Amino acid sequence: MNTNFSPFPSITTARLSLRQLSDEDTQEIFSIRSDENIAKYLDRPKANSADDARAFIDKINAGIPKGEWVYWAIIPKDKSKLIGTICLWKISEEYSKAEIGFELLPQFQGKGFMQEALTAVLDFGFNVMNLKSIEGEVDPNNDRSIKILEKNKFVKIINLGENIDQDGTVLNTVVYSLSNKS
């Protein structure tokens, strides 16, 4: 399994550039991480300021050289600003698997951008990292995320039911998995 992400593995697709997060993404990361419609499906603290977004970018970029995760900014080729993110994280060398995570600003949803990014990142995970499987943990009410996982042949493997997160919030999550067929 390959978790050497140096130099950072930028990816180009027909309409997108996937690159490493930078400080110039602070406002867009703040917009994503403070958006109520995105946050309602995720177990994470909401960003309350641009400083929170900058701290998140610093944390992400510090974990990449350690092989903890690989995290891309999604940029349309005809724009200069980030519209979303996609990552492989919770990387397990023991089981040769990782979890996929993705989010897109609401005004860019439903335009095929996430499908294009997801296809490229799945290819990277299976053919560059040599993962055996990629999982997606999702809120069962997050219809859009479930739809894109199922469209990409992810199969529901477990309903974790109600969990309690570190803040005492009750979560209901489902895990989907995709195995490398090669």
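From a predicted model like this one, the values you see are computed outputs, not experimental measurements.

Engineer: Give a detailed account of helix 3 (residues 50-63), specifying residues and quantitative values.
Structural biologist: Between the first and last C-alpha of helix 3 there are 20 Å, a value that for 14 residues agrees with the 20 Å anticipated at 1.5 Å per step. Buried residues of helix 3: Ala53, Phe56, Ile57, Ile60, Asn61 and Gly63, and no others. In an axial view of helix 3, the angular spread of the buried residues amounts to 160 degrees, which keeps them on one side of the axis. Within helix 3, the exposed residues directed more than 90 degrees away from the buried face are Asp51 and Lys59. For helix 3, the elements touching its buried residues are strand 2 (16-20), helix 1 (26-34) and strand 3 (70-76).

Engineer: Break down a nonpolar patch on the surface for me, with residues and values.
Structural biologist: Together, Val155, Ile157 and Ile158 make up a nonpolar patch on the protein surface, roughly 260 Å² of accessible area in all. Relative to the elements of secondary structure, Val155 occurs in strand 7 (residues 155-164).

Engineer: Just give me the short version of the packing of helix 1 against helix 3, but keep the residues and values in it.
Structural biologist: Between helix 1 and helix 3, whose axes approach to 8 Å, the crossing angle comes to 105 degrees. One finds that helix 1 runs roughly perpendicular with respect to helix 3. Every residue of helix 3 that contacts helix 1 at Thr26, Ile29, Phe30 and Arg33 is listed here: Ala50, Ala53, Arg54, Phe56 and Ile57.

Engineer: Lay out the pairing of strand 6 (residues 133-138) in plain terms, naming residues and giving numbers.
Structural biologist: Counted residue by residue, strand 6 has 5 buried out of 6 residues, so it is predominantly covered. With 3 bridges joining them, strand 5 (residues 97-104) and strand 6 adopt parallel strand pairing. Looking at the pairing, Ala98 lines up with Ile134 of strand 6.

Engineer: Explain the nonpolar core to me, using residue names and the numbers behind them.
Structural biologist: By size, the foremost hydrophobic cluster in this structure holds 53 residues, and its most contacted members are Leu21, Trp72, Ile86, Leu88 and Ile100. By residue number, the principal contributor to this core is helix 4 (residues 113-127), which donates 9 residues. Leave out the neighbours within four places in its chain, and Ile86 touches Val70, Tyr71, Trp72, Ile74, Ile100, Gly101, Phe102, Met114, Ala117, Leu118 and Val121.

Engineer: Lay out the environment of Leu82 in plain terms, naming residues and giving numbers.
Structural biologist: Looking at where Leu82 falls in the secondary structure, it is placed in the loop between strand 3 and strand 4 (84-92). Separated by 53 residues in the primary sequence, Leu82 and Ile29 place their C-alpha atoms 8.0 Å from one another. Residue contacts for Leu82: discarding those within four places in its chain leaves Leu21, Asp25, Glu28, Ile29, Ile32, Ala73, Ile74, Ile75 and Leu105.

Engineer: Now, about the environment of Ser6: what can you tell me, with residues and values included?
Structural biologist: Counting through the fold element by element, Ser6 comes out in the segment before strand 1 (11-12). Taking the relative accessible area as the measure of exposure, Ser6 reaches 51% and is therefore exposed. Considering only alpha carbons, one finds Ser6 and Gly67, 61 residues apart in sequence, at a separation of 9.3 Å.

Engineer: For the pattern of salt bridges, give the residues involved together with the corresponding values.
Structural biologist: Under the criterion given, the structure shown has 8 salt bridges. For Lys46, the salt bridge is made with Glu36, and the minimal N-O distance between the two is 2.4 Å. Residue Lys46 is located in the loop between helix 2 (36-39) and helix 3, and its partner Glu36 is located in helix 2; the two are separated by 10 residues in the primary sequence. One network of salt bridges, in which partners are shared, links Arg19, Glu24 and Asp25.

Engineer: Help me get a handle on the pairing of strand 2, residues and values and all.
Structural biologist: Pairing of strand 1 with strand 2 involves 2 bridges; the strand directions are antiparallel. In the sheet register, Ile11 faces strand 2, and the bridge partner there is Leu18. Counted along the chain from strand 1 to the antiparallel partner strand 2, the turn is 3 residues long. Strand direction decides the pairing type here: strand 2 and strand 3, joined by 5 bridges, are antiparallel. Considered in strand 3, the bridge of Leu16 is made with Pro76.

About the thresholds
- Residues numbered from 1 in each chain as written.
- Predicted model: local features only at pLDDT ≥ 70, side-chain atom pairs only at ≥ 80, totals over all residues.
- Heavy atoms only, no water.
- Helix = DSSP H or I, 4+ residues; strand = E, 2+ residues; numbered from the N terminus.
- Expected span 1.5 Å × (residues − 1).
- Buried < 20%, exposed > 50% of the residue type's maximum accessible area, 1.4 Å probe, protein only.
- Arc of directions from axis to C-beta.
- Contact = heavy atoms within 4.5 Å.
- Patch = residues over 30% accessible without salt bridge, like charges linked within 9 Å, V, L, I, M, F, W, Y side chains within 5 Å.
- Areas by Shrake-Rupley, 256 points an atom, 1.4 Å probe, with all protein chains shown as cover.
- Salt bridge = Lys/Arg side-chain N within 4 Å of Asp/Glu carboxyl O.
- Axes fitted to C-alpha atoms, helices over the stretch in contact; angles between N-to-C directions.
- Parallel < 35°, antiparallel > 145°, perpendicular 65-115°, else oblique.
- Pairing = 2+ DSSP bridges.
- Core = buried A, V, L, I, M, F, W, Y, C linked by side-chain atoms within 4.5 Å.

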